[in-house]
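What follows is the residue order along each chain.
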Amino acid sequence: MSGGFSPMQYFNVLLFAVLPYLAVFTLILVSIMRYLRRGFTYSSLSSQFLENKQHFWGLVPFHYGIITVLFGHFVAFLIPQSILWWNSKPARLYVLEVFALIAGIFTLIGLINLIIRRSSDSKARITTTTADWIVLGILGFSVLTGLYTAIFYRWGSSWFASTMAPYLWSVLKLNPNLNYVTPIPLIFKLHIIAAYVIVLLFPFTRLVHILVVPNPYLWRRPQVVRWYWNRRKIRSVQET
C-alpha cells in the first residue's frame, strides 16, 4: 500500500472530513423538513407536569452547565488567539480551567439526575422514547470524555484554541486540514466524534426544541398541575 492511505488515514478522513458535512447537511435539511411537515413536534415534550422536584435538579444544572460549556467552546473557536493570550498568565489559565471544569461537572450532575428520573419514575419512563435514551447516552459519553480530557490532559482551553479552532475553521472553509486532528490522543477524537453524532441526530430528536428559543425552563416558576374531574363519574363510565 505504498503511497496509498492506511486504514487509520481512511478512518480519519471518514470521521473528520466527511462526517462533519454529513452531520450539518442532515441537520439543516431534516430540521427544515420536520418544521414544514410536523411543526408541532418542535417541542421538548416536557414531562415536568408529571414530576417537578427531581426534574428541576436535573434540568437546571444540566442546562446552565451545557450552555456555559458550549459558549466557552464557541468563544475559543471565534477568538483562539485571545484565549491563548489569556492563558499566557498561569493565574488566568487556572481560573478559566477551573471555571470550565465546574461547568462540566454541573452538566454531568444534571444529566445523571435526568437519567435517574427517567429510569426510576414510572410516568417519566413511559414518555421516554428510544431516541431519548440514545441522545442521553451520547451526551453522557461526550460530557465524560470532555471531563476526562479536562482532568487528565490539562489546559484543554489552550489545546482547543491552538488545535481544534484551526481544524474547525478549515472545515468551515470547506478544506478540512486533518493535520490538526491526526496526532491528537484517542480520547480527544472520541469527544469530537460524539459532538458530530449529536449534530447528526439533532433533527430526529426532541433536541430540536433548542431551535425555538427562548426556552422558559431556566427561569419560569415551577408549574402546578391541578386535575379537575369527578372521580365517581369517571369510575361509573369505566364500569359501564
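Here the residue numbers are simple positions, counted from 1 along each chain's written sequence. In view of the model being predicted, local features appear only for residues whose pLDDT reaches at least 70, and side-chain atom pairs are presented and counted only at 80 or more, with totals across whole chains, interfaces and linings using the full set of residues. Computation of side-chain values covers all heavy atoms of the structure but excludes hydrogens and water.

1. Observations regarding the side chain of Asn 87
Link 1 in the chain: The helix and strand labels rest on DSSP assignments: H or I over at least four residues marks a helix, E over at least two residues marks a strand, and numbering proceeds from the N terminus. Within the secondary structure, Asn 87 sits in the loop between helix H3 (80-86) and helix H4 (90-120).
Link 2 in the chain: Here, two residues are considered to be in contact whenever any of their heavy atoms come within 4.5 Å of each other. Among all residues touching Asn 87, those that are not within four sequence positions of it are Leu 93, Leu 96, Ser 157 and Ser 158.

2. Considerations on a nonpolar patch on the surface
Link 1 in the chain: Surface patches are drawn from residues lacking salt bridges whose relative accessible area is over 30%; two like charges belong together within 9 Å, two nonpolar side chains (Val, Leu, Ile, Met, Phe, Trp, Tyr) within 5 Å. All accessible areas in this document rest on Shrake-Rupley with a 1.4 Å probe, and a residue is counted as covered only by the protein chains that are shown. Any Lys or Arg side-chain nitrogen located within 4 Å of an Asp or Glu carboxyl oxygen qualifies as a salt bridge. A cluster of nonpolar side chains, contributed by Val 24, Ile 28, Ile 32, Tyr 35 and Leu 36, occupies part of the molecular surface with about 530 Å² of accessible area.
Link 2 in the chain: Structurally, Tyr 35 is set in helix H1 (residues 7-37).
Link 3 in the chain: Accessibility here uses a 1.4 Å probe with only protein chains present; expressed as a share of the type maximum, an area under 20% marks a residue as buried, one over 50% as exposed, and anything in between as partly exposed. With a relative accessible area of 49%, Tyr 35 lands in the partly exposed category.

3. Quick word on the environment of Phe 141
Link 1 in the chain: As for its position among the elements, Phe 141 is in helix H6 (residues 130-152).
Link 2 in the chain: Looking at Phe 141, the relative accessible area reads 39%, which means it is partly exposed.
Link 3 in the chain: Each C-alpha atom, one on Phe 141 and one on Leu 108, is 10.0 Å from the other, the two residues being 33 residues apart in sequence.

4. Observations regarding H1
Link 1 in the chain: Largest kink in H1: about 45 degrees, centred on Leu 19, with the proline Pro 20 one to four residues after it.
Link 2 in the chain: Of all the residues in H1, the buried ones are Asn 12, Leu 15, Phe 16, Ala 17, Leu 19, Pro 20, Ala 23, Thr 26, Val 30, Ser 31 and Arg 34. Fitting one axis to the seven residues ending at a residue and another to the seven starting there, the bend at that residue is the angle between the two axes.

5. A word on H6
Link 1 in the chain: Expected helix span is computed as 1.5 Å times (number of residues minus one). The end-to-end C-alpha distance of H6, which contains 23 residues, comes to 33 Å, matching closely the 33 Å that a straight helix rising 1.5 Å per residue would cover.
Link 2 in the chain: Along H6, the positions that sit buried rather than exposed are Asp 132, Val 135, Leu 136, Ile 138, Leu 139, Gly 140, Ser 142, Val 143, Thr 145, Leu 147 and Thr 149.

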